[in-house]
Amino acid sequence: MTDAALSTKEPAAPERLGVISWESGPRKLVTVYLPLACFVIVLLFPFYWMTITTFKPNNELYNYKDFNPLFVHSPTLANVRKLFFETDYPQWLWTTMLIAVAATALSIFASVLAAYAIQRLRFRGANWVGLAIYLAYLVPPSILFIPLAAMVVKLGLFDSPLALILTYPTFLIPFCTWLLIGYFKSIPYELEECALIDGASRLQILRKITLPLAIPGLISAGIFAFTLSWNEFIYALAFIQSSEKKTLPVAVLTQLVQGDDYQWGALMAGALFGSIPVALFYSFFVDYYVSSLTGAVKE
Amino acid sequence: MADIAQKWSVTREASRGPNLLARLFDWKPFLVFLCLLPAIGLLVVFLTYPLGLGLWLAFTDTKIGRGGAFIGLENFASLWRDPIFWTAVGNTIFYTATATIGKFALGLWLALLLNHHIPFKSLIRAIVLVPWIVPTVLSAVAFWWIYDPQFSIISYILKDVLHLRSTNIDFLGTPWAARISLIAANIWRGIPFVAISLLAGLQTISPSLYEAAMLDGAAPWQRFRHVTAPMLMPVLSVVLTFSVLFTFTDFQLVYAITRGGPINSTHLMATLAFQRGIPGGQLGEGAAIAVSMIPFLIAATLFSYFGLARRKWQQGEAND
């Protein structure tokens with residue numbers, strides 16, 4: 001009798017205790033950990049599959065009866081060797097790196113100045129310029145690549161890395177500028193006023209006070225810009241023709257697929273080694289990454 | 001004494017040149033102009049001008065390497081009679097709607113899960129973002145292999161491990177299967193962005209609101225409906241706007257996995273524009289397809305932004 005009364009009362013008790021306790025115990029296992037585990041498995045599975053395909057020998061790759069496809073039984077480096085020594089893969093990696101670094105540097109330079117002008121020089125219409133730059137981010141590359149292709153041909157930049165270095169800033173600048181405006185906002189203006197009173201010029205202030213304080217913001221903007229340029233596809237596909245000048249995502253898709261005979265091992269190796277640089281980069285700066293992504297959304 | 005005075009005038013002489021320059025750099029209008037020049041210059045030349053040029057090209061018969069003449073609405077008229085174009089429009093709308101709903105339902109769920117007190121939270125959060133940072137085309141290639149008609153791992157698990165089916169699934173062989181496979185890949189890629197952004201929104205909600213709701217006897221669903229949902233709206237509307245915009249103009253996934261096939265049945269407007277415009281060389285027609293995306297984009301943006309952001313204005317935080 002008393003037992004029954006107690007047990008009916010029990011579920012109600014933790015409800016009153018506060019936020020943490022109502023969801024503890026086995027219930028949390030089912031409602032939180034289990035779905036979370038499913039999410040993590042599904043989100044990571046393609047990478048696992050990519051990785052094990054890379055290291056599988058061909059007889060395992062196409063024989064699911066004798067070898068469980070979810071594991072590698074006798075790992076091989078044949079696919080990796082084929083990729084690095086029989087294709088232009090190192091060249092593509094190098095080209096992509098070069099383009100990504102150049103486009104990032106150009107965008108950061110332009111964005112720092114623009115963000116500083118908009119946030120700190122407080123000229124009339126600064127908000128409108130900021131809004132215009134934000135709107136530029138809403139123009140998707142899918143509607144720009146055709147006229148840009150016509151322009152690139154006319155300027156004689158077709159099939160040149162310069163075409164990509166100059167066009168990537170169109171989507172990098174708006175993003176970086178907004179990120180940096182947000183960042184500059186968080187630096188107290190009083191520091192600049194002090195420097196102005198001490199007779200520093202505006203450029204000295206930017207160089208010696210604002211920029212050093214904004215380094216975390218610069219790093220965020222830099223890694224974002226680098227990843228976005230590394231991942232860019234449509235411009236690189238449209239503006240570059242010769243194999244050795246292609247960027248990695250384009251080259252993997254167009255150069256490693258020959259006819260109907262897909263070399264899945266080499267293809268997956270190409271995808272894996274194209275992902276590793278950004279993944280490494282990401283893992284070093286993961287906190288900057290998350291904060292800049294969420295910061296940009298909250299702006 | 002005279003020595004010192006001489007030194008003084010010398011240094012003043014020497015610094016007059018740079019001083020003028022320095023004064024120019026401290027003159028605000030000039031400085032503003034100079035600071036904005038690189039960004040605005042690049043954007044005007046490579047964004048605003050091509051946008052206008054694209055509008056113009058849509059009304060011409062330009063081909064690669066040859067300028068075109070103004071032909072009025074002819075491109076649009078021929079697209080109007082083109083069944084492939086209409087398939088692409090239908091696909092784009094279906095793809096955007098379904099993928100957005102999927103991304104937001106699953107992304108919101110994942111965000112709510114991550115908002116609990118769990119061990120290794122930052123590690124899990126970092127892992128969750130991986131699909132989003134890896135080049136889309138490369139993960140699309142992995143999906144291509146996962147969707148292989150003969151050696152698909154999904155078919156293997158359903159057929160040989162779970163014995164739920166007797167045949168392999170032909171993921172990319174028929175139009176509807178291919179469309180759904182593409183949407184699944186798009187949802188997979190979009191979940192991290194939605195989840196992490198919404199998580200940031202969730203973390204700004206003060207716990208005291210939940211405590212107050214709980215004191216008033218609100219059930220979990222009521223807490224979600226009346227506290228979480230309204231507080232999340234401003235972030236949600238921004239994320240939704242971006243998500244709709246980038247899903248609608250998606251190119252990479254479809255180009256990498258199906259290239260619009262089988263028989264042009266999975267083309268999105270962007271891939272069709274590319275196919276006609278670049279390999280096909282019909283810049284004018286490609287531009288016309290790209291331009292016809294603009295009204296949809298404006299409508300979708302206005303709808304998702306103003307439809308959902310209204311609540312934020314009512315709270316008087318428009319200048320946040």
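Starting from 1, residues in each chain are numbered consecutively following that chain's sequence as written. A letter from A marks each chain and a number from 1 marks each ligand, given out in the order of writing. Since the coordinates come from a predicted model, pLDDT governs what is reported: local features require at least 70, and pairs of side-chain atoms require 80 or more to be given and counted, while whole-chain, interface and lining totals use all residues.

### A look at the domain arrangement of chain A
Residues and elements named next belong to chain A.
Then, in step 1: Residue ranges for the domains originate in an automatic or database domain assignment. Annotation of chain A at the domain level lists domain 1 (2-76) and domain 2 (83-298).
Then, in step 2: A pair of residues counts as a contact when their C-beta atoms, built from backbone coordinates, are within 7 Å of each other. In this assembly, seven residues from domain 1 lie in contact with six residues from domain 2.
Then, in step 3: For the side of domain 1 that touches domain 2, the elements supplying multiple residues, two or more each, are α3 (26-54) and α4 (58-61).
Then, in step 4: Helix numbers and strand numbers start at the N terminus; a helix is a DSSP run of H or I with at least 4 residues, a strand a run of E with at least 2. If one sorts the elements of the side of domain 1 that touches domain 2 by residue count, α3 sits on top with four residues.
Then, in step 5: Grouping the amino acids of the side of domain 1 that touches domain 2 by side-chain chemistry returns two nonpolar, four polar and one charged. Gly is put with the polar residues, along with every residue not named as nonpolar or charged; the nonpolar set is Ala, Val, Leu, Ile, Met, Phe, Trp, Tyr, Cys and Pro, and the charged set is Asp, Glu, Lys and Arg.

### Digging into the interface of chain A and chain B
Then, in step 1: Chain A puts 76 residues into the contact, and the matching count from chain B is 78 residues.
Then, in step 2: When residues in the side of chain A that touches chain B are grouped by element, the largest group, 12 residues, is from α3(A).
Then, in step 3: Considering only residue class, the side of chain A that touches chain B consists of 61 nonpolar, 12 polar and three charged.

### A few points about the domain arrangement of chain B
Then, in step 1: By domain assignment, chain B separates into domain 1 (2-44) and domain 2 (83-313).
Then, in step 2: Each of domain 1 of chain B and domain 2 of chain B has a C-alpha centre, and the two are 52 Å apart.

### A look at helix α11 (residues 220-248) of chain B
Then, in step 1: For α11(B), spanning 29 residues, the distance from its first C-alpha to its last is only 34 Å, which falls clearly below the expected 42 Å at 1.5 Å a residue.
Then, in step 2: For α11(B), the principal kink sits at B:Met233 and spans about 55 degrees; a proline, B:Pro234, occurs within the next four residues. What a helix is expected to span follows from its residue count: subtract one and scale by 1.5 Å. The angle between axes fitted to the seven residues ending at a residue and the seven residues starting there is what we call the bend at that residue.

### Digging into unusual backbone geometry
Residue and element names in this part refer to chain B.
Then, in step 1: Phi at phenylalanine 120 is positive, roughly 55 degrees, even though this residue is not glycine.
Then, in step 2: Checked against the element boundaries, phenylalanine 120 lands in the loop between α4 (83-114) and α5 (121-128).
Then, in step 3: Partly exposed residues are those falling between the two cut-offs: more than 12 but fewer than 20 other C-beta atoms within 10 Å of their own, whereas 20 or more means buried and 12 or fewer means exposed, with C-beta atoms placed from the backbone. Using a count of 9 C-beta atoms within 10 Å as the deciding quantity, one classes phenylalanine 120 as exposed.

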